[in-house]
Amino acid sequence: MTFAETGLQEILLKALAEAGYQEPTPVQAQAIPAALEGRDLLVSSQTGSGKTAAFMLPALDRLAAQPRRPFVPDARRASGKERPSSRPRLQPARPRMLVLAPTRELALQVTAATEKYGRHIRHLKAVAILGGMPYPKQTMLLARNPEILVATPGRLIDHMESGRIDFSELQMLVLDEADRMLDMGFIEDIEKIVAATPADRQTLLFSATLDGAVGRIAREITRDPLQISIAAAHTRHENIEQRLHFVDDLAHKNRLLDHLLRDANIDQALVFTATKREADTLSDRLNLAGFNAAPLHGDMHQGARNRTLNAMRRGHIRVLVATDVAARGIDVPTITHVFNYDLPKFAEDYVHRIGRTGRAGRDGLAISLVNHAEQFAVRKIERFTKQTIPVETVAGHEPVRRPAAKPAKPARAKGGWPTGETRKGAGRPQGKPAAHSQDKSRAYAAPRSPAGGDRRAPAGAKRSGAAQRRAG
Ligand code: AMP
């Protein structure tokens, strides 16, 4: 299929040709024609699949055909009824399209993509409403009455409650990475926002998975949606080679990381740490060791985060040391390597992390540096991805310690419980292996306790409004 065959108008085809896009990705080929027909969509796909264009192109197609709206910053003053001395009262923004995204980085990326695809549509304004940015500037941007808002939920709610946004003219609502927004505890905000929009809007929901809570929300907010599933191949990340190195201790981990970072095949690398402080410390250490490194985490001001990401995109940084939330959605095609200096807290984050490499059809390499005591966490990841991560060693950097031997299975008495234990007192037999058949040599160790990092509520948990706003 070509982009022209999806039904998009010339003004967009021109921008796509200029962006170097030759043909639609699978998610675009399925989503664009259906969205152009006005259908609601439930799409399971990952970042990297081209999902941004899959929702933004049909939206731009629809908005480009609509007449330009008058800019009325102060209706009372325009009508001559207002006393000249009183302060002008701004009309609320009346967006026609709203994209909700879990993180600032993703929202900024969506805004940048909108500008790229919509560059030949003259009158169109897209504005990002994000946490961590000054309110007065956002209020000014809203006063320009943009057609498109791209927002993180917490900050958007703040503006709604202050009467600066009116969704009565909203035509299209997009939830990008909806599963992630629920993971981050934004469910109440999302419900509030959806309730403020017209029932006859078009709704497009994108998520890595459509199971569980996200599937329930998806069904509630869409009407007769077309379901598109692109996730499987991308979840497998078939273009990304995965490796695992065992390390004895922190010193060994640092030596091995330095050695691996000296690989001439690395264009740019993304190194994940569990905590913000560790991202700073490791970045400093790598700089001292002669690597061109920079940190990226949630304690940095948005301006500093943007500058770091831009420097990364321009190739001025070779090693970016980041935490999960800060790095979410990063799309830098020249990242050839992802390192898990610390393993992620959730298996799902592993998939998101390694997906930062192998972008735009390239190959990537994802390397995890793992302590023997973390084998349980590795198996959780392997079960989630349904892939085994091959264990590798580097000559001269082999671990001295060996994985603990698998505990011998206790003899079972009739009825399936170990001899000498009553069912009540025994619980689950010690050392009972979880279902995993790939690497029988691995020990069954307890997971390490996760070490902080960007604080996040577990899946499905709710957070206070204040906590959400801080994160959003
Ligand atoms: P996304 O999944 O929206 O984050 O997009 C991932 C990357 O693929 C971005 O760098 C896009 O610019 C790029 N991309 C999206 N659609 C296409 C396409 N049809 N052809 C080439 N690159 C694309």
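Above this text is the structure in question.
Residues numbered from 1 in each chain as written. Predicted model: local features only at pLDDT ≥ 70, side-chain atom pairs only at ≥ 80, totals over all residues. Heavy atoms only, no water.

1. Some points on the pattern of salt bridges
Opposite charge on two side chains lets them pair, provided their charged atoms get close.
Then comes step 1: All chains considered together, the criterion is met by 16 salt bridges.
Then comes step 2: Between Lys51 and Asp176 there is a salt bridge, with its nearest N and O atoms 2.7 Å apart. Of this pair, Lys51 sits in helix α3 (residues 51-64) while Asp176 sits in the loop between β5 (172-175) and α8 (178-183), placing them 125 residues apart in sequence. Neither Lys51 nor Asp176 differs from the other in exposure class; each is buried.
Then comes step 3: Taken together, the shared-partner salt bridges in this structure form one network comprising Lys51, Asp176 and Glu177. (Salt bridge = Lys/Arg side-chain N within 4 Å of Asp/Glu carboxyl O. Helix = DSSP H or I, 4+ residues; strand = E, 2+ residues; numbered from the N terminus. Buried < 20%, exposed > 50% of the residue type's maximum accessible area, 1.4 Å probe, protein only.)

2. What to know about the packing of helix α12 (residues 250-261) against helix α13 (residues 276-288)
Then comes step 1: One can describe the packing of α12 onto α13 by two numbers: an axis separation of 12 Å at closest approach and a directional angle of 55°. Relative to α13, the element α12 is oriented oblique. Crossing of α12 against α13: the hand is right-handed. Here Asn254, Leu257, Asp258 and Leu261 of α12 lie close against α13, whose contacting residues are Leu282, Arg285 and Leu286. (Axes fitted to C-alpha atoms, helices over the stretch in contact; angles between N-to-C directions. Parallel < 35°, antiparallel > 145°, perpendicular 65-115°, else oblique. Left-handed = near helix turned anticlockwise from the far one by under 90°. Contact = heavy atoms within 4.5 Å.)

3. Things to note about the pairing of strand β4 (residues 148-151)
Then comes step 1: Residue alternation in β4 divides its side chains into two sets, Ile148 and Val150 and Leu149 and Ala151, and both sets are buried.
Then comes step 2: Summarising the sheet, strand β2 (residues 97-100) and β4 pair through four bridges and their orientation is parallel. Paired with Met97 across the two strands is Ile148, which belongs to β4.
Then comes step 3: In the sheet, strand β3 (residues 126-129) pairs with β4 via four bridges, with the strands oriented parallel. Note that in β4 the partner of Ala128 across the bridge is Val150.
Then comes step 4: Read from β3 through helix α6 (residues 135-143) to β4, the crossover connection turns out right-handed. (Pairing = 2+ DSSP bridges. Right-handed = clockwise from strand over helix to strand, strands pointing away.)

Any functional reading would require information that these geometric values do not contain.
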